[in-house]
There are 2 protein chains.
Amino acid sequence: MIASENRETPVLAVLCGEHRPPDMRAVESGAVVRYTDAAGLPEALSGADALFVYDFLSTAVPGAWHAADRLRWLHIASAGVDPVLFPGLVESDVILTNSRGVFDDAIAEYVLGVVLAFAKDFARSHDLQREGRWLHRESERIAGRQVVVVGTGPIGRAIARLLRAAGMRVSGAGRRERTGDPDFGVVHESSQLDEFLPHADYVVAVAPLTEHTKGMFDARAFAAMKPSARFVNVGRGELVVTSDLVAALEDKTIAGAALDVFDTEPLPPDSPLWTMPDVLVSPHMSGDFVGWRNTLVEVFTENFRRWQAGEPLRNVVDKSLGYVPSGNQGAG
Amino acid sequence: MIASENRETPVLAVLCGEHRPPDMRAVESGAVVRYTDAAGLPEALSGADALFVYDFLSTAVPGAWHAADRLRWLHIASAGVDPVLFPGLVESDVILTNSRGVFDDAIAEYVLGVVLAFAKDFARSHDLQREGRWLHRESERIAGRQVVVVGTGPIGRAIARLLRAAGMRVSGAGRRERTGDPDFGVVHESSQLDEFLPHADYVVAVAPLTEHTKGMFDARAFAAMKPSARFVNVGRGELVVTSDLVAALEDKTIAGAALDVFDTEPLPPDSPLWTMPDVLVSPHMSGDFVGWRNTLVEVFTENFRRWQAGEPLRNVVDKSLGYVPSGNQGAG
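Because the structure is a prediction, the values reported are computed rather than measured. (Residues numbered from 1 in each chain as written. Chains lettered and ligands numbered in written order. Predicted model: local features only at pLDDT ≥ 70, side-chain atom pairs only at ≥ 80, totals over all residues. Heavy atoms only, no water.)

1. Brief notes about the packing of aromatic side chains
Moving on, step 1. Within the structure shown, the criterion is met by 26 aromatic pairs over all chains.
Moving on, step 2. When the centroid spacing of 5.1 Å and the interplanar angle of 85 degrees are considered together, the rings of Trp65 of chain A and Phe86 of chain A count as edge-to-face. Residue Trp65 of chain A is located in the loop between helix 3 (61–64) and strand 4 (73–76), and its partner Phe86 of chain A is located in the loop between strand 4 and helix 4 (87–91); the two are separated by 21 residues in the primary sequence.
Moving on, step 3. Given a relative accessible area of 12%, Phe86 of chain A falls into the buried group.
Moving on, step 4. Summarising the aromatic geometry, the rings of Phe122 of chain A and Tyr110 of chain B are spaced 5.8 Å apart at their centres and angled 85 degrees between planes, so their arrangement reads as edge-to-face. In this pair, Phe122 of chain A sits in helix 6 (residues 122–131) while Tyr110 of chain B sits in helix 5 (residues 104–119), so the two residues belong to two different chains.
Moving on, step 5. With relative accessibility at 13%, the residue Phe122 of chain A sits in the buried group.
Moving on, step 6. Grouping aromatic residues by their ring pairs yields a cluster made of Phe52, Tyr54, Trp73, Phe300, Phe304 and Trp307 of chain A.
Moving on, step 7. If you follow Arg20 of chain A out to its NZ or CZ, it ends over the ring of Tyr35 of chain A, 4.0 Å from the centre. (Phe/Tyr/Trp six-rings, centres within 6.5 Å; stacked < 30°, edge-to-face > 60°. Helix = DSSP H or I, 4+ residues; strand = E, 2+ residues; numbered from the N terminus. Buried < 20%, exposed > 50% of the residue type's maximum accessible area, 1.4 Å probe, protein only. Lys NZ or Arg CZ within 6 Å of the ring centre and 35° of its normal.)

Structure below.
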């Protein structure tokens with residue numbers, strides 16, 4: 001992790017998809033940079049000291065891992081690290097860092113937006129407008145409504161703060177039950193779904209995808225929710241048993257869902273979610289504000305500077321947990 | 001205004017449209033109540049001491065005014081009093097009160113919702129969902145964006161507080177320029193459009209409809225706005241020169257509009273606003289939360305109690321201004 005151990009210019013592999021990272025000049029001045037797509041990743045990894053997974057949804061890293069012969073650091077341009085959290089990396093000494101913080105406030109705005117879209121019936125207004133129909137309806141208030149945010153990391157906290165500022169009553173759900181949390185007040189224990197889901201008007205899923213959270217929103221979870229509850233997923237599609245969600249929406253076990261993430265992305269054309277009433281589908285974009293790509297490169301560039309200077313990296317992931325533990329964000 | 005002057009049970013006319021006011025029992029126990037539609041209004045007004053205009057969009061009052069032979073009080077179930085502010089009423093001694101306060105927070109939520117709908121491109125997501133198309137886009141942040149709220153009454157203030165809580169930068173526009181306003185900070189002088197409109201990302205119209213505000217959003221006003229600005233009207237349709245708004249949207253002088261009110265309601269089928277891209281049409285419902293009709297009756301009932309007890313009425317409209325001046329909301 002200390003670049004000065006290595007007297008040569010370090011080699012950085014950058015895994016890109018459709019887009020190349022913008023403005024890598026600061027990094028390029030301090031490293032031999034090998035931009036590659038998934039096919040070229042093994043060759044690019046051979047002899048590389050660091051890997052920047054800019055194409056953060058790529059699943060190419062495990063299959064190229066055999067070529068990582070001197071890798072010391074892997075940085076991913078996302079908050080969720082599940083695409084690179086495979087046994088080979090977990091068991092290695094390679095440091096894993098993420099882009100925690102970049103998406104927090106944009107995702108919070110998105111969640112507040114879909115909550116208001118449900119309360120004010122925007123989708124129906126849109127359909128009626130397309131039909132040229134003037135049909136007055138009453139709408140819901142959001143002030144005073146109960147929200148449970150499942151996931152108490154920085155994105156969940158940003159959501160809690162914004163929804164609370166808008167007058168909603170927010171609690172959290174995380175690994176450990178506690179009170180007096182600065183953002184959530186009460187944090188429920190995620191596994192005790194039956195206790196906290198029945199009180200929520202909105203349930204927001206933003207937990208990291210781990211063995212503990214995978215499929216946690218299943219038939220039992222939806223059955224515990226109010227028939228008037230709306231489910232919002234801005235975390236990972238695999239947090240949800242999709243067939244159970246579809247059944248819960250069909251049976252009116254819950255009243256609606258706003259889904260920005262799916263277990264298969266892009267959402268397949270034959271998914272019933274596309275056409276279900278009371279379902280808002282968006283293409284994994286909730287955090288992707290104008291300028292996000294530049295911000296992602298800025299976050300990487302700062303960590304690269306620290307790496308070269310031998311300073312502690314920011315956002316070091318606890319590979320056994322699958323996320324950055326709170327208080328472990330590095331200096332600054 | 002002092003019921004005790006009149007030893008008999010007072011007569012109350014209630015102008016209803018499609019809906020009758022719910023739960024008038026408290027009022028009915030203290031008055032002879034004549035429920036009427038527009039056609040029966042002259043007969044109902046004859047001998048009536050008070051008129052409750054529950055059908056607040058009705059334009060029937062001026063035509064029935066000749067029959068108001070002993071009317072002392074008119075209460076309207078809306079914030080805007082323009083439908084009843086005709087010369088006969090203005091010049092009379094009849095006290096006019098409104099339903100100020102009922103709609104404030106619901107309208108504020110609605111405005112925040114349409115701001116987020118624009119920023120997060122919900123209308124396009126909805127259309128893409130209907131087509132089954134997965135198309136990633138970047139979205140805008142709302143934090144830090146500039147909003148000018150034109151209208152500094154209680155609805156405008158509720159909008160300012162909520163948008164500010166969500167991280168936006170808000171100023172107001174009203175009759176008098178001032179600073180240090182508790183909700184707006186800076187209040188611009190409404191007539192100086194050219195000075196404050198060029199800085200706004202969102203312009204929210206919520207001024208009362210008076211001779212000073214009628215048609216204030218005209219070609220000149222839209223020309224003063226940024227090409228990226230969105231215009232939100234939750235006040236009255238007549239604040240806007242609709243043909244100028246349509247032209248500004250067609251020419252991309254501004255980027256979009258969310259319109260809950262129109263100069264003709266229902267919006268006529270041939271209005272181009274129904275089908276314009278970047279226009280969100282809703283049917284005058286922004287303040288009409290579930291329970292609003294009961295709340296309107298509660299507000300009237302409290303004023304009726306005060307009227308009978310000889311106490312000062314709440315929300316007395318200054319008929320020369322066309323709204324309730326600040327600080328003139330009655331006791332409590």
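Continuing now.
2. Observations concerning the relation of the copies chain A and chain B
One chain copy maps onto the other through a rotation about an axis and a shift parallel to that axis.
Moving on, step 1. Superposition of chain A onto chain B requires a rotation of 180 degrees combined with a translation of 0.0 Å along the rotation axis, giving an RMSD of 0.0 Å. Here the transformation between the copies is reduced to the relation of a two-fold axis.
Moving on, step 2. Interface overlap between copies: 100% of the residues of chain A at the interface are likewise at the interface in chain B, consistent with a symmetric, same-surface contact. (Least-squares fit on C-alpha atoms with pLDDT ≥ 70 in both. Contact = heavy atoms within 4.5 Å.)

3. Considerations on the sheet that holds strand 10 (residues 202–205) of chain A
All names here are of chain A.
Moving on, step 1. Reading across from one edge, 8-9-7-6-10-11-12-13 is the order of the 8 strands in this open sheet, with mixed pairing throughout. Both edges of this open sheet fall to strand 8 (178–181) and strand 13 (279–281), since each of them pairs with a single strand only. Direction aside, the axes of adjacent strands within the sheet are offset by 20 degrees on average.
Moving on, step 2. As defined by bridge partners, strand 10 adjoins strand 11 (residues 230–233) across 4 bridges and the pair is classed as parallel. What sits directly across from Ala205, in strand 11, is Asn233.
Moving on, step 3. Running at roughly 140 degrees to strand 12 (residues 256–259), helix 10 (residues 242–250) makes contact with strand 11, strand 12 and strand 13 of the sheet. (Pairing = 2+ DSSP bridges. Axes fitted to C-alpha atoms, helices over the stretch in contact; angles between N-to-C directions.)

4. Structural notes on the sheet that holds strand 10 (residues 202–205) of chain B
Residues and elements named next belong to chain B.
Moving on, step 1. The sheet built from 8 strands is open, its strands ordered 8-9-7-6-10-11-12-13 with mixed pairing. Both outer strands of the open sheet, strand 8 (178–181) and strand 13 (279–281), are each paired with one neighbouring strand and no more. With strand direction ignored, the average angle separating the axes of adjacent strands in the sheet is 20 degrees.
Moving on, step 2. Across 3 bridges, strand 7 (residues 169–174) lies against strand 9 (residues 185–189) in parallel orientation. Of the residues in strand 9, the one forming a bridge with Ala173 is His188.
Moving on, step 3. Strands in contact with helix 10 (residues 242–250) are strand 11 (230–233), strand 12 (256–259) and strand 13; relative to strand 12, the strand with the most contacts, it is inclined by about 140 degrees.

Scope: geometric values only; no functional claims are made or implied.
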